[in-house]
4 protein chains.
Amino acid sequence: MSGNSIGKLFTVTSFGESHGPALGCIVDGCPPGLELSAADLQGDLDRRKPGTSRFTTQRREADEVRILSGVFEGKTTGTSIGMLIENTDQRSKDYSGIANTFRPAHADYSYNQKYGFRDYRGGGRSSARETAMRVAAGAIAKKYLLSRYGIEVRGYLAQLGPIRAQTLDWSLVETNPFFCPDADAIPKLEKYMTALNKEGNSIGARINVVASNVMPGLGEPIFDRLDADIAHAMMGINAVKGVEVGAGFDSIEQKGTEHRDLLTPEGFVGNNAGGVLGGISSGQDITVSIALKPTSSIRQPGATIDTQGQAMEMVTHGRHDPCVGIRATPIAEAMLAIVLMDHLLRHRGQNADVVCDTPAIPAARPE
Amino acid sequence: MSGNSIGKLFTVTSFGESHGPALGCIVDGCPPGLELSAADLQGDLDRRKPGTSRFTTQRREADEVRILSGVFEGKTTGTSIGMLIENTDQRSKDYSGIANTFRPAHADYSYNQKYGFRDYRGGGRSSARETAMRVAAGAIAKKYLLSRYGIEVRGYLAQLGPIRAQTLDWSLVETNPFFCPDADAIPKLEKYMTALNKEGNSIGARINVVASNVMPGLGEPIFDRLDADIAHAMMGINAVKGVEVGAGFDSIEQKGTEHRDLLTPEGFVGNNAGGVLGGISSGQDITVSIALKPTSSIRQPGATIDTQGQAMEMVTHGRHDPCVGIRATPIAEAMLAIVLMDHLLRHRGQNADVVCDTPAIPAARPE
Amino acid sequence: MSGNSIGKLFTVTSFGESHGPALGCIVDGCPPGLELSAADLQGDLDRRKPGTSRFTTQRREADEVRILSGVFEGKTTGTSIGMLIENTDQRSKDYSGIANTFRPAHADYSYNQKYGFRDYRGGGRSSARETAMRVAAGAIAKKYLLSRYGIEVRGYLAQLGPIRAQTLDWSLVETNPFFCPDADAIPKLEKYMTALNKEGNSIGARINVVASNVMPGLGEPIFDRLDADIAHAMMGINAVKGVEVGAGFDSIEQKGTEHRDLLTPEGFVGNNAGGVLGGISSGQDITVSIALKPTSSIRQPGATIDTQGQAMEMVTHGRHDPCVGIRATPIAEAMLAIVLMDHLLRHRGQNADVVCDTPAIPAARPE
Amino acid sequence: MSGNSIGKLFTVTSFGESHGPALGCIVDGCPPGLELSAADLQGDLDRRKPGTSRFTTQRREADEVRILSGVFEGKTTGTSIGMLIENTDQRSKDYSGIANTFRPAHADYSYNQKYGFRDYRGGGRSSARETAMRVAAGAIAKKYLLSRYGIEVRGYLAQLGPIRAQTLDWSLVETNPFFCPDADAIPKLEKYMTALNKEGNSIGARINVVASNVMPGLGEPIFDRLDADIAHAMMGINAVKGVEVGAGFDSIEQKGTEHRDLLTPEGFVGNNAGGVLGGISSGQDITVSIALKPTSSIRQPGATIDTQGQAMEMVTHGRHDPCVGIRATPIAEAMLAIVLMDHLLRHRGQNADVVCDTPAIPAARPE
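Everything numeric in this text was worked out from a predicted model, so none of it was measured.

Draft legend 1. Main features of the packing of aromatic side chains. The final tally for this structure, using the stated rule, is 30 aromatic pairs over all chains. By way of ring pairs, the aromatic residues Phe102(A), Tyr109(A) and Phe268(B) are connected into one cluster. For the cation-ring pair, Lys75(A) lies above Phe117(C), with the distance from its terminal atom to the ring centre recorded as 4.8 Å.

What follows is the structure, encoded as structure tokens:
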């Protein structure tokens, strides 16, 4: 399939540009009988939407989603689910200045070289605005996983520039605009972001996502491993430059005796695996960490070229997030949920009649 | 497709277990007219194969590949290429002891839970032995990319446990068993590995891969981004726990002014992007870095459970690599080449460079 | 991918039910630079739409399509094209009577057994109403094929019940509500359909589709043969029960000397192949013929069961086409165009004809 | 994926040419725990293999298949199954004469135009020799379908040239070299084929395939309908020019009252649907009929062109089937089994938790 689809049995296909009339997607393969309405999706859409705090872009979008098909009498029918979000706050004039130039670190240049020209308004298809539909699709997966299997997918901001969350208090995540789980870090973040805005600069971030209560057995070796498909989905999020599962890059300096998670009848000892062994879920929590680069649109001038290849200097105006990571938590959750959903359906398909005599052990041994 | 295929136009599908009679794969979509023989593949296979130094498993495999189809009179025909490698040095008795137990950090438990039982001989399908076919397939992609487009894919060991390569001298990489590009690091690696073997332990590693001379335009937004498919291919390699493109996790602490690669008519200034902007190649070098966990098979005892769920302690015997990273360089190169090849064809088609001497005849002869 | 997508590089994914708020589809993989507007699609949509003559359903739908993405400044950008058609003339009450029964020869029963329940309004997803989006997507393919390669895709009604078109006058096809190419047959068709309506019955039909000026080389052996993918696309049209390419079922009684199309420098002698040899286009016209069953919704009573499995008798009310074949010509053209487009891209890539005025800059600026 | 794969969850990928060293395929997605050995496949391979009667090609091939992976201790493991058949009776000299010419009605010309050159030995990849692997893969599907669900897939020769089977006696099918179910037709077939051989000509045929005891619910609307995927699989068999499901082309002249299969608690009345309603299996028998063209290789001379486009006359020597239809029955069975298997897995994946209150009715009402 072409590049705007993800998933093999639970397939999400999307369309829409930053400044087009609307964004939309089709969720194909959702099992029938799931109670679903737009209200089930709006919560995550509101968590992602812009303009909710002074630390994100001031573009105002209601991001109200309409479900156009696939739901009848309040339940999914098993047919494809069409969803639509109208764009309401485009200001194309903001971007007219960049029609003939390439913003450094943006997709402007690569899109232009690939397609011969580009929709320059707000980055067109390459804008993170597109991620709204991912969140809507992911919310369907999240609801199914939780209601049918008790699988919960949650994320948080683990680091922003130099500021790390030192503690993980899930109850805090939804109480601050950063999705930060550490009470001490929140005022530091506010202070840092205020200074950054004054500076007209941007900063990178780290988001962690966790899926708990995942049954063992999800993942299709050898290429469509669960962790491989998670890496694909995560690296496909705008601005992501790195993906880790479990111990991730710390594994480089670990010895086998440190890294291996021992098995006991009471549960796994540790989770360096991040919930995946040999590309198949182990029953441990799926733990994923991603690195997001600093926003490329900043007010500080930089060298670039125009569409004729001539050197020039430019400043990016318009409304931008100084840290794309701040709004990335719901997006990362959505992508992880979509991948788990797809693998759940694939696993059921091939292995519906499997009987396993070995009891599954708990995700983790109690301390 | 099911999980043993990768790529959409340049598709590699593989089979084979550690202790089965043979490994094989089918490369589908290779453009016609490429001069190809087994000799073109053997070089990379020899770089990966076991038993070439005292720092890798002592299992002896010639890894001689046979091409069974898709090549005629020394050139690829455009039809599917079947390849086969016979296993010659299985010692299943080595593994009989683990038939009823799960080796910690191995795929034994997850395969068992997914499929209800497993081929326990050397990990069966989950063994890294399978990667031999990836290297053979990747060698086809490497030859096409280099001969047709001058695209070169190369890798090296960047770190092993605490030992980092401080310099990058490509001329050294093939001269030592570690694929290490730093002369000073090589004796340290030998000393470290010797001690590690005595200890009966294992260690992680970092491999870097670079593709140079890649044209701009490869990658299919928004889900099949080039970097997303690279992440999928890399995380799908045995023991890989993390993938970075360009600045990777360093992006977290970078500001926009540091991270962005400015454009000048003379070229890009820096390469924090790792050659990918908005999921599409920019013409910069594609730079990828991966983290490999320490080998799970070590001689030190560890707690685990048996297939009845009962607690027990086990020691892994048999022949194993103390650092899987040492042999991972050719595998990572192969996977990057496969992804680039697939995206090149998606961008330009399988037969865009075909020259046909036979004139096409009219649809129908005039009455 | 799941079942609502067709095509691998030129991919059409659709959603929508007969009585939902809207129908939509996403066309992914359309090459950039094609001049496109809704007006280009409306012509074929109008050819398919209901209520244009007294021989089709009296449901009134404007079938006005909106293009929501993928087109900028009048040209396709190479990104996914979202399209939407609002439903305007639903009358769900017409269907309330069948909520608990299964209309014979309809998808009611099979959908119910597959999904556990169904959207019974007008057949929900199984309604031919869905084909409007196929026609919109096909119109994009038709425009590209014709404008870039001079490939023309045309169809006509070859037979309706006992009435056969004896002559093929392309100039007549668009001048009558049946897409009939035989002047003598048209009055017979009117007479026959008038009587059929009185009888409250329905009838089958045969549609022929021809693609001319197709270059040799399209089709991917051995499974994705061009004719195999054509058969898939055609049999996937509502009510189609048979597909032929070239001589089709007449081949059964042909000898090799009769069937084979000889090759001469002036062209092929005959076209029993239907333009496909070994699954690859030969340069002859692609000729396809399909059989459509009579509409299942008729006013004559018939035995069936209710959702409890109890026997009952039912009559189908509501507004229906007495011959679905009458409106099937534009649908069959659309599906053939979509398949040709997909294979053209697989053969030559999405962007093979892109011209980029911006020179590529070097990978890195010299130090 | 590229063209040598079929199926989405149960995926068959194949390689091999008529005169290469071997044919092979990979079956990916087979559920674990199925008892399987080469002996399970050899039966169908022997039914297809050449040289078993004087009415087929005299090429001698044992067609002995080896299973190289995916089976452990006599049961499938759920991993990919690699299979290999060595070619033993190639006589390339037979074909040297056609290196520079195109055999009429063969794939020689279309392959040459697509790929720029071709493996001319026996048609290379386009040879029906390739179908041996389809039969091996289909035998796995047949065994799973029958042993797990009682689904039986059977076929027979319905017509050869002018000779039709007038009766259907399943017990006769395996007792004659034609797979003919009509005792009276067998001597006519022998007489006809003997005369045809003398004449140096070839003839077409019709094969019917039936799948019985199929549960309702298989098929993924709207594009991957069960009948659409069956059409794809059948039209993809060498020499097939037409595919019908149920009433097929007879539907053209049927009225709704004739065509519709009424539903009763005792079963369906008739089977014009061929077991598929709205693209989803209904529980009726799946009935498929295909038309095969006469063999293109005949001893009578015919006009053609050479690779320089010059006119010439040629005669096809070598060993050929005078009627490819004679050996096509096991191939058609295999393809139908593969499609059913794939859709069974896809259905289980999406709908594993569906509860349907409506009891399934029998395939057919007793007379």
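From this point, the discussion proceeds with the structure in view.
Draft legend 2. Looking closely at the interface of chain B and chain A. Contact with chain B, which involves 110 residues of that partner, is made by 115 residues of chain A. Counting each side, the surface lost to burial between chain B and chain A is near 8,600 Å², with a carbon and sulfur contribution of 61%. If you sort the residues of chain B by the area they bury against chain A, Lys114(B), Phe223(B) and Lys241(B) come out on top, with a joint share of 10%. At the junction of chain B and chain A, the tally comes to 6 salt bridges. The partner of Glu220(B) in a salt bridge is Lys114(A), and the shortest N-O contact between them spans 3.0 Å. At 7 residues, helix 3 (residues 108-115) of chain B tops the list of elements feeding residues into the side of chain B that touches chain A. Class assignment for the residues of the side of chain B that touches chain A results in 46 nonpolar, 42 polar and 22 charged. Pairing of strand 11 (residues 240-245) of chain A with strand 11 (residues 240-245) of chain B involves 3 bridges; the strand directions are antiparallel. In the sheet register, Gly242(A) faces strand 11 of chain B, and the bridge partner there is Glu244(B).

Draft legend 3. Here's a closer look at the interface of chain D and chain C. In this assembly, 115 residues from chain D lie in contact with 110 residues from chain C. Interface area, chain D with chain C, both sides summed: about 8,600 Å², of which 61% is carbon and sulfur. Connecting chain D to chain C are 6 salt bridges. A salt bridge links Arg164(D) to Glu253(C); its shortest N-O distance comes to 3.7 Å. Across the contact surface, chain D and chain C share 61 residue pairs in polar contact (both at pLDDT 80 or more). When the residues that make up the side of chain D that touches chain C are grouped by side-chain class, the tally is 52 nonpolar, 41 polar and 22 charged.

Draft legend 4. Fine view of the sheet that holds strand 1 (residues 5-6) of chain D. Residue and element names in this part refer to chain D. Pairing within the open sheet is antiparallel, and its 5 strands lie in the order 1-2-3-7-4. Here the strands that pair on one side only, and so sit at the sheet edges, are strand 1 and strand 4 (65-67). Two strands pair when backbone bridges link them, and strand 3 (residues 22-28) and strand 7 (residues 81-86) are joined in this way by 6 bridges, in the antiparallel orientation. Looking at the pairing, leucine 23 lines up with isoleucine 85 of strand 7. Together, strand 4 and strand 7 form the strand contacts of helix 1 (residues 38-48), whose direction differs from that of strand 4 by roughly 155°.

Draft legend 5. Up close: the nonpolar core. Core analysis: the largest hydrophobic core is formed by 320 residues, its most contacted members being Met83(A), Met234(A), Met83(B), Met234(B), Met83(C), Met83(D) and Met234(D). Leaving out residues up to four positions away in the same chain, Met234(B) has contacts with Val209(B), Val240(B), Val243(B), Val288(B), Ile290(B), Ala332(B), Met335(B) and Leu336(B).

Draft legend 6. Molecular detail of the sheet that holds strand 1 (residues 5-6) of chain A. Residue and element names in this part refer to chain A. If you walk across this open sheet you meet the 5 strands as 1-2-3-7-4, and the pairing is antiparallel. The outermost strands of the open sheet, each flanked by one partner alone, are strand 1 and strand 4 (65-67). In this sheet, strand 3 (residues 22-28) lies alongside strand 2 (residues 11-15) in antiparallel orientation, the contact comprising 5 bridges. Across the sheet, valine 12 pairs through a bridge with valine 27, a residue of strand 3. Helix 1 (residues 38-48) rests against strand 4 and strand 7 (81-86) of the sheet, and its axis sits at about 155° to strand 4.

Draft legend 7. Spotlight on the UniProt feature "binding site: NADP(+)" (unreviewed entry) in chain A. All names here are of chain A. Mapped onto this numbering, the UniProt entry annotates "binding site: NADP(+)" (unreviewed entry) at Arg48 and Arg54. Along the chain, the position of arginine 48 falls in helix 1. If we ignore the near neighbours within four places in the chain, the residues touching arginine 48 are Asp63, Ala128, Arg129, Thr131, Ala132, Val135, Arg327, Pro330 and Ile331. You can see arginine 54 is positioned in the loop between helix 1 and strand 4. Arginine 54 gets classed as exposed once you look at its relative accessible area, which sits at 56%. Ignoring any residue separated from it by four or fewer positions in sequence, one finds arginine 54 in contact with Thr194 and Asn197.

Draft legend 8. Examining the environment of Leu36(B) more closely. Residue and element names in this part refer to chain B. Inspection of the secondary structure assignment puts leucine 36 in the loop between strand 3 (22-28) and helix 1 (38-48). When the C-alpha positions of leucine 36 and threonine 56 are compared, they lie 30 Å apart, and in sequence the two are 20 residues distant. Excluding its chain neighbours within four sequence positions, the residues that come into contact with leucine 36 are Leu41, Ile67, Val71, Gly74, Lys75, Thr76, Ile81 and Ile140.

Draft legend 9. Layout of the packing of helix 1 of chain D against helix 9 (residues 329-351) of chain D. Residue and element names in this part refer to chain D. For the pair helix 1 and helix 9, interaxial distance at closest approach is 8 Å and the crossing angle is 135°. Here helix 1 lies oblique to helix 9, going by the angle between them. Across the interface between the two elements, Asp44, Arg47 and Arg48 from helix 1 touch Thr329, Pro330, Ile331 and Glu333 from helix 9. Per-class residue counts for the contact of helix 1 with helix 9 are 2 nonpolar, 1 polar and 4 charged.

Rules used throughout
- Residues numbered from 1 in each chain as written.
- Chains lettered and ligands numbered in written order.
- Predicted model: local features only at pLDDT ≥ 70, side-chain atom pairs only at ≥ 80, totals over all residues.
- Heavy atoms only, no water.
- Phe/Tyr/Trp six-rings, centres within 6.5 Å; stacked < 30°, edge-to-face > 60°.
- Lys NZ or Arg CZ within 6 Å of the ring centre and 35° of its normal.
- Contact = heavy atoms within 4.5 Å.
- Buried area = accessible area lost by both parts, 1.4 Å probe.
- Salt bridge = Lys/Arg side-chain N within 4 Å of Asp/Glu carboxyl O.
- Helix = DSSP H or I, 4+ residues; strand = E, 2+ residues; numbered from the N terminus.
- Nonpolar A, V, L, I, M, F, W, Y, C, P; charged D, E, K, R; others polar.
- Pairing = 2+ DSSP bridges.
- Polar contact = N/O pair within 3.5 Å; in protein donor to acceptor, adjacent residues only side chain to side chain.
- Axes fitted to C-alpha atoms, helices over the stretch in contact; angles between N-to-C directions.
- Core = buried A, V, L, I, M, F, W, Y, C linked by side-chain atoms within 4.5 Å.
- Buried < 20%, exposed > 50% of the residue type's maximum accessible area, 1.4 Å probe, protein only.
- UniProt positions renumbered as here; feature names shortened; annotations may be inferred.
- Parallel < 35°, antiparallel > 145°, perpendicular 65-115°, else oblique.

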